[in-house]
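Read off the chains here:
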Amino acid sequence: MNPLSDLERLVAAIEKQGANIAPTYQEYMPIAFAIANDCGKAGRTFFHRICRMSEKYVSTEADKLYDHALKGGNGRNGLGSVFHLADLAGVRLDKSLAEAGKLSNFQTFTPPSHTHTCTHEEQSVKNVPPAFPEYPWPAFLKRMIDRGDTPAQKDILLLGGITVLGATLNKSIRISYGRKFYYPCLQTFIVAPPASGKGALAWTRRLAEPIHEAMMANYRQRHKAYREEKSRWDSLGKKKSDTLKMFLIAGNNSGTGVLENLIEADGIGLICETEADTVSTAIGTEHGHWSDTLRKCHDHERLAFNRRTNREYRECPASYLSVLLSGTPAQVRPLIPSAENGLFSRQLFYRMPPIDEWADQFEQGDEDMDSLFSDWGKQWKMLVDYLRERVNIIQFHLSDTQKERFNSCFARIFGHAGLSYGYPMRSSVARIAINICRIASVVAFLRSVESLLTPQAILDSQFSILNCPGLSSAPEIPEENVRDGIVPSLELRINDDDFQAVLSLVEPLYRHSAGILSLLPSDEVPRSRTPTPQEALFAALPLSFNRQQALEEAERNNIPTATLDTCLKRMQERGTLEKNGRGEYSFGGRVTHK
């Protein structure tokens with residue numbers, strides 16, 4: 001089999017039939033990686049020929065994407081992905097070409113907007129939610145992702161890495177959204193069967209340990225001085241207290257204990273537990289009940305408590321707690337008993353598939369991941385310390401075009417959520433939007449400081465943070481201050497490729513949340529009735545689909561073709577669906593501008 005020859009014949013068939021197999025960026029990306037993985041540089045021309053069938057084709061953007069695919073591809077999908085997309089678009093292939101498509105690498109196919117972590121056939125059997133599209137993320141982040149052995153492990157390392165790094169940035173970066181400032185403090189929950197590879201998430205905790213250890217060392221030093229002076233203060237009849245300031249907060253904690261930990265650390269902290277029942281058990285105890293604290297921290301609300309016994313009142317004006325949890329499906333309900341208690345919509349969920357085959361663990365090599373991630377954590381701490389000494393705040397901005405794309409994407413997701421799942425998922429979509437802004441800010445910062453996170457990087461007084469691409473001085477900073485390198489306020493922007501890659505996480509995260517919704521007790525979900533066949537049909541379809549996909553889902557739900565056509569027509573009339581071309585549809589949604 002000659003991949004380049006097969007691709008050439010496939011492209012000729014696509015052009016002859018005028019088929020658009022890449023209507024959106026969600027198809028562009030897997031096609032680029034598939035062709036780059038199997039055909040290398042020689043496949044670039046064919047990639048352009050496929051993409052230019054779409055009205056959204058821009059030659060320079062397609063070129064940039066293919067460059068990324070050549071650098072960042074790891075062989076997870078091949079030409080089988082392109083053959084499959086052609087098949088879904090109704091491209092008719094001769095017998096020999098169809099046979100070549102079957103022999104192509106399809107075991108890790110990434111379909112449009114609905115990516116899978118296993119084969120397409122296995123997906124329908126196991127109902128595994130989608131994985132994330134491949135993308136060359138900022139180098140520091142990609143190092144972590146590449147330590148995963150499976151697509152799902154790579155995905156949780158992406159989420160875990162961003163959650164932990166965002167937790168360490170906390171008050172340093174903010175974005176204005178909905179007339180409120182949000183900071184990169186995520187609450188992420190990885191749900192997986194036992195022994196399915198979620199243990200890799202614990203490596204990301206190591207990134208924060210150097211910061212935590214430095215805070216604890218500072219406390220021990222202060223506590224030693226405090227013990228030496230305490231007797232003198234006591235003899236004078238005065239009280240002197242010592243506060244324990246930490247970064248990593250234990251999940252096995254009382255309600256007041258969590259509040260004290262956060263208040264003493266100015267609202268900052270990270271709860272990182274590999275067993276979710278550590279947190280759910282603590283919350284369920286007599287002195288627990290701090291689920292409300294988690295909900296408040298998502299929105300950076302004020303925290304306070306009052307002790308009547310000694311008339312002690314403590315508070316902090318804002319909270320910046322991040323949470324990273326993993327657990328089995330059975331551990332979800334004790335922590336999130338219903339879709340309406342608020343925790344469900346605030347979490348970023350990822351549901352890992354079960355393992356199917358025995359993997360040889362002896363071939364993994366002798367690299368100690370704990371030590372490796374600890375070393376990266378030390379490198380990261382140096383950068384964070386350098387930043388905090390020089391910068392008070394970094395304001396993250398999206399361009400007007402990026403805001404339009406963001407709103408268009410979420411309007412479609414919001415419409416689909418209401419149609420398929422009801423208002424619990426609409427609430428979840430509203431908060432996924434906030435979390436996508438947070439993720440984008442972390443990715444933008446990592447891309448900007450990429451050159452400072454290499455082993456050769458030197459951070460000294462001569463280096464200016466303004467040398468980093470994407471970072472600039474805030475407008476209110478006087479020019480003479482900029483010339484002198486005294487810039488306490490910065491502005492941060494994200495490039496279009498990184499923004500689009502972050503936006504491509506939206507539908508998978510939405511699908512994973514919808515999967516978790518199904519784990520909640522049915523009597524707690526407002527939609528207590530069984531979904532109609534039409535609701536089941538549209539819930540199963542990706543946000544962009546073609547008529548062939550709709551027919552296949554309709555057949556699975558025993559819906560006649562005539563009924564399907566009537567549904568499609570009525571949904572177009574109501575604005576729920578948009579027709580993008582011959583036999584091509586996407587879920588629509590209105591954007592209200594205030």
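Use the structure listed above.
Definitions and limits used
Residues numbered from 1 in each chain as written. Predicted model: local features only at pLDDT ≥ 70, side-chain atom pairs only at ≥ 80, totals over all residues. Heavy atoms only, no water. Helix = DSSP H or I, 4+ residues; strand = E, 2+ residues; numbered from the N terminus. Expected span 1.5 Å × (residues − 1). Buried < 20%, exposed > 50% of the residue type's maximum accessible area, 1.4 Å probe, protein only. Arc of directions from axis to C-beta. Pairing = 2+ DSSP bridges. Contact = heavy atoms within 4.5 Å. Axes fitted to C-alpha atoms, helices over the stretch in contact; angles between N-to-C directions. Phe/Tyr/Trp six-rings, centres within 6.5 Å; stacked < 30°, edge-to-face > 60°. Core = buried A, V, L, I, M, F, W, Y, C linked by side-chain atoms within 4.5 Å. Parallel < 35°, antiparallel > 145°, perpendicular 65-115°, else oblique. Left-handed = near helix turned anticlockwise from the far one by under 90°. Nonpolar A, V, L, I, M, F, W, Y, C, P; charged D, E, K, R; others polar.

**Q** I keep staring at helix α25 (residues 561-574) and nothing clicks. Help me out?
**A** Count 3.6 residues to each turn of an α-helix, and residues three or four apart come out pointing the same way. In this model, α25 (14 residues) spans 20 Å end to end at C-alpha, consistent with the 20 Å of a helix rising 1.5 Å per residue. Among all positions in α25, only Leu 564, Cys 567, Leu 568 and Met 571 are buried. Along α25, the residues classed as buried sweep out an arc of 95° about the axis, all on the same side. Turned more than 90 degrees from where α25 packs its buried face, Ala 562, Lys 569, Arg 570 and Glu 573 sit exposed. Among the residues trailing α25, Gly 575 stands out with phi positive, at a value near 85°.

**Q** When you look at the sheet that holds strand β3 (residues 187-191) in this model, what are you seeing that I'm missing?
**A** Backbone-to-backbone hydrogen bonds pair the strands of a sheet. The strands run either parallel or antiparallel. Taken in spatial order, the five strands of this open sheet run β4-β5-β8-β3-β9, and their pairing is parallel. On the outer flanks of this sheet lie β4 (248-249) and β9 (348-351), each paired with one strand and no other. As defined by bridge partners, β3 adjoins strand β8 (residues 320-327) across five bridges and the pair is classed as parallel. Its bridge partner being in β8, Ile 190 is matched across the sheet by Ser 326. Across the face of the sheet, helix α9 (residues 151-169) comes into contact with β3, β5 (268-273), β8 and β9 while running at roughly 155° to β8.

**Q** Before we go on, may I ask you to explain the packing of aromatic side chains in this structure?
**A** The geometry of an aromatic ring pair is captured by two quantities: the separation of the ring centres and the angle between the planes. Evaluation of the coordinates by the stated rule reveals 16 aromatic pairs. Between Phe 132 and Tyr 350 the ring centres are 5.4 Å apart and the planes differ by 70°, which places this aromatic pair in the edge-to-face class. Pair noted here: Phe 132 is in the loop between α7 (120-126) and α8 (139-145) and Tyr 350 is in strand β9, with a separation of 218 residues, a long-range link. Exposure remark for Phe 132: the relative accessible area of 2% places this residue in the buried category.

**Q** Explain the nonpolar core to me, please; I cannot follow it from the model alone.
**A** A general tendency of soluble globular proteins is for nonpolar side chains to be buried together. Counting 178 residues, the largest nonpolar core has Ile 21, Ile 35, Trp 137, Trp 380, Ile 436 and Phe 445 as the members making the most contacts within it. In terms of residue count, helix α19 (residues 423-448) provides more of this core than any other element does, 14 residues in total. Once residues within four sequence positions are removed from consideration, Phe 445 is found in contact with Leu 169, Ile 173, Trp 380, Leu 383, Leu 387, Ile 394 and Leu 492.

**Q** What should I look at first to understand the packing of helix α1 (residues 3-17) against helix α5 (residues 79-88) in this one?
**A** Interhelical geometry of α1 versus α5 gives an angle of 15° and a closest axis separation of 11 Å. Regarding the angle of α1 to α5, the classification is roughly parallel. Remark: the crossing between α1 and α5 carries left-handed chirality. For the pair α1 and α5, contact is made by Pro 3, Asp 6, Leu 7, Leu 10 and Ile 14 and by Leu 79, Val 82, Phe 83 and Ala 86, respectively. Within the contact of α1 with α5, the residues separate by chemical class into eight nonpolar, no polar and one charged.

**Q** I'm lost on the packing of helix α18 (residues 400-420) against helix α21 (residues 496-503) in this one. Help?
**A** Each packed pair of helices is defined by two parameters, the angle between the axes and the distance between the axes. One way to put it is that α18 packs onto α21 with a least axis distance of 11 Å and a crossing angle of 10°. With respect to each other, α18 and α21 are oriented roughly parallel. Of the residues in α21, those touching α18 at Gln 402, Arg 405, Phe 406 and Cys 409 are Asp 496, Phe 499, Gln 500 and Leu 503. Its residues assigned to classes, the contact of α18 with α21 comprises four nonpolar, two polar and two charged.

**Q** Please explain the sheet that holds strand β1 (residues 173-176) as it appears in this structure.
**A** Here five strands make up an open sheet; going across it, the order is β2-β1-β10-β12-β11 and the pairing mixed. Across the chains shown, the open sheet's two edge strands, defined by having one partner strand only, are β2 (181-182) and β11 (471-473). Bridge count for strand β10 (residues 393-397) against strand β12 (residues 489-493) is five bridges, and the pairing is parallel. Note on β12: the bridge partner recorded for Ile 394 is Leu 490.

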